[in-house]
Amino acid sequence: MSIKKVMVIGAGQMGAGIAQVCAQAGFNVLLYDVSDKALEKGLEGIKQRLTRAVDKQRTTEADKAATLENLQAAASINDAADRDLVIEAAVENMEIKSTLFAQLDKIVPTHAILATNTSSLPITEIAATTNRPEQVIGMHFMNPVPVMKLVEIIRGLQTSDETFKAIESMTKELAKTPVEVNDFPGFAANRILMPMINEAIFAVYEGVASPEDIDTVMKLGMNHPMGPLTLADFIGLDTCLYIMEVLYEGFGDSKYRPCPLLRKYVKAGWLGKKTGRGFYVYQ
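Not measured: the values here are computed from a predicted model. (Residues numbered from 1 in each chain as written. Predicted model: local features only at pLDDT ≥ 70, side-chain atom pairs only at ≥ 80, totals over all residues. Heavy atoms only, no water.)

Looking now at the packing of aromatic side chains. Tallied over the entire structure, the rule returns four aromatic pairs. Judged by centre distance (5.1 Å) and plane angle (70°), the rings of Y265 and W270 are edge-to-face. Overall, W270 belongs to the partly exposed group, its relative accessible area being 27%. An aromatic cluster is present here, built from Y265, W270 and F279 joined pairwise through their rings. The ring of F164 carries R155 above its face, with NZ or CZ at 4.5 Å from the centroid. (Phe/Tyr/Trp six-rings, centres within 6.5 Å; stacked < 30°, edge-to-face > 60°. Buried < 20%, exposed > 50% of the residue type's maximum accessible area, 1.4 Å probe, protein only. Lys NZ or Arg CZ within 6 Å of the ring centre and 35° of its normal.)

Take a look at the structure:
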């Protein structure tokens, strides 16, 4: 099938980034959020990023104008009624996503694909809330979306080959690199990344080394562009904890047990960069 009209649900950092890259690639994009304030902030963030890109000569004024022309705010979730694809980038909560997909299933055309940007939740379970499980798929973009090239495309149990191929083709149109992943807890990226971050937190917890020195080891010793604790602060420690809990519950294996220090920081409200404090202090 041909995808031309897209709606992105959720205007936070991920949703706004997804809307931006879709509009830049020439798709007709609607961005929706239940919060008018969040929607306004998301759209403003897109404009600011495009302006910076023009200032740095990474794009032109004409391309910026074309991108903004392709992008509009949706007044209601019912605006999904003429879309070929809806990409959900709402909060990482199964109940919220399940309710949303059941609602969208009644609104979008019969040919439309429903995609979720979840980083860890089971696609099969989300798909089961709809009457079109073969047209439900995972599109896990990396953060920040306009910069990062990878998209994990996750097949649910009933995802059809036609749906997969349509999303794979579209991902390439976004100038992203798709990888095919099956529906397991954490998929591929977070199943590998989050235990590494969790182990780095255990190393702090057990007094092996300071956060600064652990990050230095990984940057200079393993050539990582960013240390795991800096990355955890950037992702959000609450998100890291949530994904570790999904892995721990999904596999029932003690190697995925979240570090007690991670739980303590989250309970303290030290969630990383977004709250001004995590493993580091931010002004």
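So much for the structure itself; the text now carries on.
Turning next to the sheet that holds strand β4 (residues 85-88). Spatially, β3-β2-β1-β4-β5-β6-β7-β8 is the arrangement adopted by the eight strands of the open sheet, whose pairing is mixed. Edge strands, defined here as strands with exactly one partner in the open sheet, are β3 (71-73) and β8 (177-182). Looking at each pair of strands side by side, their axes are set apart by 25° on average, direction ignored. Pairing between strand β2 (residues 28-32) and β3: three bridges, direction parallel. Among the inter-strand pairings, L30 is bridged to a residue of β3, identified as Q72. (Pairing = 2+ DSSP bridges. Helix = DSSP H or I, 4+ residues; strand = E, 2+ residues; numbered from the N terminus. Axes fitted to C-alpha atoms, helices over the stretch in contact; angles between N-to-C directions.)

Scanning all chains against the criterion turns up nine salt bridges. A salt bridge links D82 to K5, with the shortest nitrogen-to-oxygen separation between them at 3.4 Å. Here D82 is found in the loop between β3 and β4, whereas its partner K5 is found in strand β1 (residues 5-9), with 77 residues between them in sequence. By relative accessible area, which is 36% here, D82 ends up partly exposed. For D161, the salt bridge is made with R155, and the minimal N-O distance between the two is 3.1 Å. Classification of R155 by relative accessible area gives buried; the value is 16%. Where salt bridges share partners, they join K5, D82 and R83 into one cluster. (Salt bridge = Lys/Arg side-chain N within 4 Å of Asp/Glu carboxyl O.)

Structural measurements only, silent on function.
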